[in-house]
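# Chains, contacts and geometry: an overview
Chain by chain, the residues:
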Amino acid sequence: MKLGIIGLPQSGKTSLFNAASGKAVEVGDFSQKEHRAIIKVPDSRLDDLTTLVVTRKVTYAEIEFLDAAAFTGKGKQSGADISIPGELRLMDAFILVLDAFSGERDPERDLQIITEEMILADLAVVENNVEKIARTIKVTGKKDRARELELLEKCRDMLNDEKLVGELDLSHEDWKLLRGYAFLTQKPQLLVFNISEDKLSDFDKIFEQYSKFRVEGRRDIAIACASIEMELAALPPEDRKAFLDDLGIEKPVIDKVIQRSYSLLGLISFFTIGEPECRAWTIKKGSNAPKAAGAIHTDFERGFIKAEVATYEDYMVHKTLPALKAAAKLHIEGKEYIVQDGDVILFRFNI
Ligand SMILES: Nc1nc2c(ncn2[C@@H]2O[C@H](COP(=O)(O)OP(=O)(O)OP(=O)(O)O)[C@@H](O)[C@H]2O)c(=O)[nH]1
Ligand SMILES: [Mg+2]
């Protein structure tokens, strides 16, 4: 899973990237350089479960972050999508950073500028392909791409109305037909309002102020001070607590940013715990037990027999398999079982 950190120049993208990755890439250098990192998804449940067993290895879920080159807002003048890095089409979702710290920018307006750029870029894709497909249908007389053409025209109408492709209400089948176009305005977004250090105490008020931007399943928001988060990530773990206490924050906000983007992607975690490894595994929400087994190994999916499942909460109460069994908190589940976020699972399979 890949997340693109995007935004206007000097909005704090690289600072946020450093905070999330623990790297120390140069910030404020106007270099427009791209950076990449694999980020561990912080999960206190995995930390807790790990205390119950003697284990050699702890493995967190991971997502890939791309600190992308800035949007310049120049697409509008030129009428082309030159300012949009093509690689952004490969992202599963965006973390969109907005300058709410300098006092020189209006975050709402900046969001508008970025949205307009994305709309223009998507329109260019639509226009190109509408013509192409219409021609193919005309030349070959084959109607099998007629639905795709219809959908592209729907996309065009949306975009011309300055709406996002993601706002279309389409069936799963229809979305599949559009998948290859990788529309920027279809991807889920996490808006990060990057506030200054002295506003941290107004956190709740600011969150409230920007809550109107949230759209269930498509757009979420987070409030962070990227430069503070970056400083925090650079500290040795034993010094972080004092730093946080000083600022009056409970946990690094970056953890929340990562967790929110993870759930925005429609992802959940289940856990396996044991002596060789305690691990969080990533699956799409709604996956059944064999599919979850397949996240570990494809053979596990094919040879799936059953899953022995306990919730994280029950595991923390009863602590061992025999105790869970005795308390009737270990559930035997079959192929139809839909795995839930936080399940601790032992798979039985036959290969
Ligand atoms: N006060 C304050 N300054 C910040 C904050 N976030 C970023 N900055 C400053 O803003 C400048 C730009 O930060 P970067 O993280 O490099 O921003 P960017 O979006 O990566 O910039 P480009 O890659 O050049 O587009 C730096 O001087 C940062 O120190 C913040 O939360 N508070
Ligand atoms: Mg940068």
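Our structure's up above, just so we're on the same page.
Residues numbered from 1 in each chain as written. Chains lettered and ligands numbered in written order. Predicted model: local features only at pLDDT ≥ 70, side-chain atom pairs only at ≥ 80, totals over all residues. Heavy atoms only, no water.

Here we take up the nonpolar core. The biggest cluster of nonpolar side chains holds 76 residues, and the ones touching the most others in it are I6, F65, L88 and I95. The leading source of residues in this core is strand β5 (residues 93–100), at seven residues. Other than its neighbours up to four places away in sequence, L88 contacts I6, L66, A68, F71, F94, L184 and K187. V125, I133, L178 and Y181 belong to the second-largest nonpolar core, a separate cluster that totals 20 residues. (Core = buried A, V, L, I, M, F, W, Y, C linked by side-chain atoms within 4.5 Å. Buried < 20%, exposed > 50% of the residue type's maximum accessible area, 1.4 Å probe, protein only. Helix = DSSP H or I, 4+ residues; strand = E, 2+ residues; numbered from the N terminus. Contact = heavy atoms within 4.5 Å.)

Our focus in this paragraph is helix α7 (residues 203–210). In an α-helix, one turn spans 3.6 residues; hence positions three or four apart end up facing the same way. Here α7 has its buried residues at I206, F207 and Y210. With its buried residues spanning 105° around the axis, α7 presents them on a single face. Relative to its buried face, α7 has exposed residues pointing more than 90 degrees away, namely D204, K205 and E208. Check the buried side of α7 and you find it contacts β5, α4 (107–140), β6 (189–195), β7 (219–224) and α10 (253–264). (Arc of directions from axis to C-beta.)

A word on the packing of aromatic side chains. For the structure on display, the rule yields seven aromatic pairs. Plain terms: the ring middles of Y181 and F183 are 5.7 Å apart, the flat faces sit at 20° to each other, and that makes the pair stacked. Accessibility classification places Y181 together with F183 in one group, the buried group. On the basis of an interplanar angle of 35° and a centroid distance of 6.3 Å, the ring pair of Y210 and F213 is categorised as tilted. Using a relative accessible area of 8% as the deciding quantity, one classes Y210 as buried. Aromatic rings pair up to connect F193, Y210 and F213 into one cluster. Across the ring face of W281, the terminal group of R279 is positioned such that the distance to the ring centre comes to 3.8 Å. (Phe/Tyr/Trp six-rings, centres within 6.5 Å; stacked < 30°, edge-to-face > 60°. Lys NZ or Arg CZ within 6 Å of the ring centre and 35° of its normal.)

This part is about the sheet that holds β7. Spatial ordering of the open sheet is given by β2-β4-β1-β5-β6-β7, a layout of six strands whose pairing is mixed. With one partner strand each, in any of the chains shown, β2 (35–40) and β7 form the two edges of the open sheet. Averaged over all adjacent pairs, the angle separating strand axes in this sheet is 25°, with direction ignored. The pairing of β2 with strand β4 (residues 62–67) spans six bridges and is antiparallel. Paired with R36 across the bridge in β4 is L66. Across the sheet, α7 is in contact with β5, β6 and β7; its angle to β7 comes to roughly 155°. Running at roughly 175° to β7, α10 makes contact with β1 (2–7), β2, β4, β5, β6 and β7 of the sheet. (Pairing = 2+ DSSP bridges. Axes fitted to C-alpha atoms, helices over the stretch in contact; angles between N-to-C directions.)

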